[in-house]
Every structure is written in C-alpha cells, then in structure tokens.
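# Report on the structure
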There are 2 protein chains.
Amino acid sequence: MDANPAVTMSGRLDPRDNWEASACSAMAALEVVHGRTAFLVLRELFYGAERFEQLVRRTRLSEPTLAARLRELTDNGLLVREDYREPGQRTRQQYRLTEKGADFFPVLAALMSWGDRWAQEDGGFVKLRHRDCGAAVHAELRCDAGHTVASGDLELAAATER
Amino acid sequence: MDANPAVTMSGRLDPRDNWEASACSAMAALEVVHGRTAFLVLRELFYGAERFEQLVRRTRLSEPTLAARLRELTDNGLLVREDYREPGQRTRQQYRLTEKGADFFPVLAALMSWGDRWAQEDGGFVKLRHRDCGAAVHAELRCDAGHTVASGDLELAAATER
DNA sequence: ACGCTGGCTTAGTCAATAGCTAGTCAGCTA
DNA sequence: TAGCTGACTAGCTATTGACTAAGCCAGCGT
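Cut-offs and rules
- Note on numbering: residues in each chain are counted from 1, in written sequence order.
- Starting at A for chains and at 1 for ligands, labels are handed out in the order in which the entities are written.
- Local features are withheld for residues below a pLDDT of 70 in this predicted model, meaning they are given only at 70 or higher, and side-chain atom pairs are given and counted only at 80 or more; totals for whole chains, interfaces and linings count all residues.
- Each copy is superposed on the other by least squares, with the fit set by C-alpha atoms of residues at a pLDDT of at least 70 in both.
- Each residue gets a C-beta atom placed from its backbone, and two residues are in contact if those atoms lie within 7 Å.
- Using C-beta atoms placed from the backbone, we call a residue buried if 20 or more other C-beta atoms fall within 10 Å of its own, exposed if 12 or fewer do, and partly exposed for counts in between.
- To qualify as a helix, a DSSP run of H or I must reach at least 4 residues; to qualify as a strand, a run of E must reach at least 2; elements of each kind are numbered from the N terminus.
- By arc we mean the arc of the directions from the helix axis to the C-beta atoms, nothing more.
- For each residue, a C-beta position is placed from the backbone atoms; the residue is near a molecule or strand when that point lies within 6 Å of it.
- Polar here means any residue other than Ala, Val, Leu, Ile, Met, Phe, Trp, Tyr, Cys and Pro, which are nonpolar, and Asp, Glu, Lys and Arg, which are charged; Gly is therefore polar.
- Strand pairing is assigned whenever DSSP identifies at least 2 bridges connecting the two strands.
- For every residue, the predictor states its confidence as a pLDDT score lying anywhere from 0 to 100.
- In this analysis, axes come from line fits to C-alpha atoms, helices being fitted only over the stretch in contact, and the angle between any two N-to-C directions falls in the range 0 to 180 degrees.
- Should an angle lie under 35 degrees it is considered roughly parallel, over 145 roughly antiparallel, and from 65 to 115 roughly perpendicular; all remaining angles are considered oblique.

## Re the relation of the copies chain A and chain B
When chain A is fitted to chain B, the residual RMSD is 0.0 Å, and the transformation amounts to a turn of 180 degrees plus an axial shift of 0.0 Å. On this basis, the relationship between the two copies can be described by a two-fold rotation axis. A shared interface surface links the copies, since 100% of the contact residues of chain A are contact residues in chain B too.

As structure tokens, then:
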C-alpha cells in the first residue's frame, strides 16, 4: 500500500479547491469513448475485426447498438469506414482504426493490466506480449526523462507552467 | 497512422474466431469501476480528496450518487473508509485509496494522455509531472525487457503459454 | 436535553441506454 | 427481374443511472 497515492498539486493548482476540473481530459475522453459498449467495440477492432458482422458476432452486441457505436466512433475520428469489394461479391464496408483510434490502446491495455491483477481470480486468460522479443507488455507511467513513475511520485501542474 | 494497429493473435488464440473474450480483464475492470461517475470519484481521490463533503463539492455529483459510488468502491476493495476525529469536533469519516485503488491510476493517466491529445483543442489544462525531476509523465506500453512498444507491435497470447 | 451538522438513505422522477423485432435499401448473381 | 444478403434503421420496451427533495441518525458541544 502506497503511503500516499495522491497526486500533489503544484503551482497555481494548489490548493485543490482553487480550481474546478471542468475541462478534464480524462472525462473528455470518456465522453468520446462512451460506456462499456464503446470499449467492447474498440477491443474487437484492436483484435482485428473489420466488418460489421464480425463485430456483431465477437462483441455480441445488438446490431442497432453496434451501428450506433460505430457511427459515433467514426464521427469522432477514431475509425474510418471504407468500401471494399472482392471479385464476384458485393461491395461491403470495413472499419479501420485511425491514429486517433489506435492511440486509445494504452487505455485499454491499462484496463487489462488492472483487471488481470485485481478483477480476475487467476490473473486473466490472455496476455499482451511484445511481438519482437516475446516479453510481457504492461501499461506504465513514465516521465520524459525516462524514469518509471509511481502514482505517489506525481504532481499536477497547470499546462501553462513549465 | 499506423499501418496496422491490430494486435496479432498467437498460439491458441489464432484465429480470433476460435475463442470468446467472455472473461476479458478490461471489461471486468469496467464492471468494478463502473461508468463516468466512478472515474470522476477516483479522479478526485487521486487529487487528494478524502471526505464526503470534499467529494460532493469537487465531483459535483449528487449525494446519493456519490454515496453509492463510494460504497461500491469500498465494497470492491479500492477504498477503505476510516473514522477520524479532530479534538473538539465530531467523529467523521474519510476515504483512502488502497493499493488496488492506487493501481487504477495508470488507466486514468492514459485517459488523460489520450484526452489531452485528441479530445481537447488546446492539449488540456493540467499536466502530470514527475515530482522528482519535473519531466512530463505519460502512460505508455512497455515490455518486461524494457522496450517501449507501439500498439502495432503487440501480440495476444493465452496466459498459459510462455 | 437540545441544537447543529455531517454522512448518508429513501422515494420519486426523468433521461439515457441497450435489446428486440421488423423493416429498408443497396449491391450483387442467376 | 427476382432473390439473396449485408448493413444498417425505426420503433418500442425494459432496465439502469442520476437527480431532487426530504428525511434519518449519529456525534458532538452548550
């Protein structure tokens, strides 16, 4: 147990009660990727699904729900919807993650890490590995100077302060 | 834009359609930390709030909602509720993050990173910094061999495989 | 004992979400 | 042209989530 896992307020942000977190980036992210079903859809996209019927089958969501999530994710720029056609078959649609969509993966990976350790009794059924070296992959906090940072070693600063 | 941000299936998990992600750790995590309001409460706990009235004020949630979230998070082991008393005042209650609760921070940090970059027009108002060296902090994927890993360099393996 | 206050709880209301069912429409082939 | 199928859409229902307003109870000091 960390002695104190809280983030220290620094500069203009101290004390905490002097400002309102109304423009919080994490909350803004949760408005874009909205609720369990959006996470589920993104998970399957990361696991390689591209077409509507694959997503229906793998997410086990209803078609209306899936269509709504795909629409939102596309409208918000995390996905692009492309037509493709194999010879002799109809034109169909596939979905691809954009860079914006791909950048969401550390969130999902961090959730997987946390869930493996704390929400599953036997550590989870699947593991992320680095394809090149085979080592297990986790989400962790690091600073631009290359240190691994524990949540207790953090401070929150206003973005306009150095 | 990554050429292919999908996670590669390996070993028994390939092809994707051979198994169901019914015991997904990320989804299990989202059942424990359930919805926007739980994230909001955890954010303020990370930002140092301890008492009920602080949390009501800073989260701007209704009391019934906050009480319900605190109850769930406590029942699920992310928080402990302690009595404390200052001389001359009544006994009051405060909430502290457990290790389980503190371990959720990389999820929140990853959401902040993503939100800073993609959900806010001017990069977000607050920044996480490493208290010791002052450098900016981000959530990133790293493997146990010390490499920084992009989402396209990942494979998913069954946990019982090496 | 009374009054105050902090931390909830209760009951009702409204909004949001997801599912189901049926349907539509486009893009092909026979 | 008809038929098939893939990708949604529309409308309805049930459930869940969050809020408001009022209330309760415990823990103090006067």
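## Description of helix α1 (residues 25-32) of chain B
Buried residues of α1(B): S25(B), A26(B), A29(B) and L30(B), and no others. Projected down its long axis, α1(B) carries its buried residues within an arc of 145 degrees, all on one side. In this structure, the buried residues of α1(B) make contact with α2 (36-46) and α6 (105-118) of chain A.

## Considering the protein's contact with DNA strand D
In the neighbourhood of DNA strand D, 22 residues make up the surrounding shell, with F52(A), T37(B), S62(B), T65(B) and T91(B) lying closest. Breaking the surface near DNA strand D down by element, the ones donating at least two residues are α3 (52-59), α4 (63-75) and β3 (91-97) of chain A together with α2 (36-46) and α4 (63-75) of chain B. Broken down by element, the residue count for the surface near DNA strand D peaks at four residues, all from α4(A). For the surface near DNA strand D, a count of residues per class yields five nonpolar, eight polar and nine charged.

## Some remarks on the environment of R142(A)
The residue R142(A) is located in strand β5 (residues 137-143) in this model. On the neighbour-count criterion, R142(A) (18 C-beta atoms within 10 Å) is partly exposed. As for R142(A) and R131(A), which are separated by eleven residues in sequence, their C-alpha atoms are 21 Å apart. Excluding its chain neighbours within four sequence positions, the residues that come into contact with R142(A) are H147(A), T148(A), V149(A), V137(B), H138(B) and E140(B).

## Quick notes on the protein's contact with DNA strand C
Surrounding DNA strand C, one finds 22 residues, the nearest of these being S62(A), T65(A), T91(A), E53(B) and P64(B). Listed by contribution, the elements that provide at least two residues to the surface near DNA strand C are α2 and α4 of chain A together with α3 (52-59), α4 and β3 (91-97) of chain B. Considering every element that reaches the surface near DNA strand C, the biggest residue donor is α4(B), with four residues. Along the lines of polarity and charge, the residues of the surface near DNA strand C split into five nonpolar, eight polar and nine charged.

## Points about unusual backbone geometry
With an omega dihedral of 5 degrees, the bond running from D14(A) to P15(A) counts as a cis peptide bond. The topology assignment puts P15(A) in the loop between β1 (8-9) and α1 (25-32). Even without being glycine, R60(B) reaches a positive phi, approximately 60 degrees.

## Notes on the sheet that holds strand β6 (residues 154-158) of chain A
The strand order across the open sheet built from three strands is β1(A)-β6(A)-β4(B), with neighbouring strands paired in mixed fashion. At either margin of the open sheet sits one strand with a lone partner, and together these are β1 of chain A together with β4 (126-130) of chain B. As judged from the two bridges shared by β1(A) and β6(A), these two strands associate in the parallel manner. Within β6(A), the position partnered with T8(A) by the bridge is E155(A).

## Remarks on the interface of chain A and chain B
Each side of the interface is counted separately: chain A has 79 residues, and chain B has 79 residues. Secondary structure elements with two or more residues in the side of chain A that touches chain B: β1, α1, α2, α5 (99-102), α6, β4 (126-130), β5 and β6 of chain A. Tallied by class, the residues present in the side of chain A that touches chain B amount to 49 nonpolar, twelve polar and 18 charged. As judged from the seven bridges shared by β5(A) and strand β5 (residues 137-143) of chain B, these two strands associate in the antiparallel manner. If you follow V137(A) over to β5(B), its bridge partner there is C143(B).

## Quick look at the pairing of strand β6 (residues 154-158) of chain B
Across five bridges, β4(A) lies against β6(B) in antiparallel orientation. Bridging across to β6(B), K127(A) finds its partner in A157(B).

## Let's talk about the confidence of the model for chain A
Summarising the model, chain A shows a mean pLDDT of 92, and 96% of its residues fall at 70 or more. Of all secondary-structure elements in chain A, the lowest mean pLDDT belongs to β5(A), at 92, while α2(A) reaches the highest, 97.

## Here's the deal with the packing of α2(A) against α4(A)
All names here are of chain A. Remark: α2 packs on α4, axes separated minimally by 10 Å, with the N-to-C direction vectors making an angle of 80 degrees. Of the possible angle classes, the one that applies to α2 and α4 is roughly perpendicular. Where α2 abuts α4, its residues T37, A38 and V41 lie against T65, L66, R69, L70 and L73. Counted by class, the contact of α2 with α4 contains five nonpolar, two polar and one charged residues.

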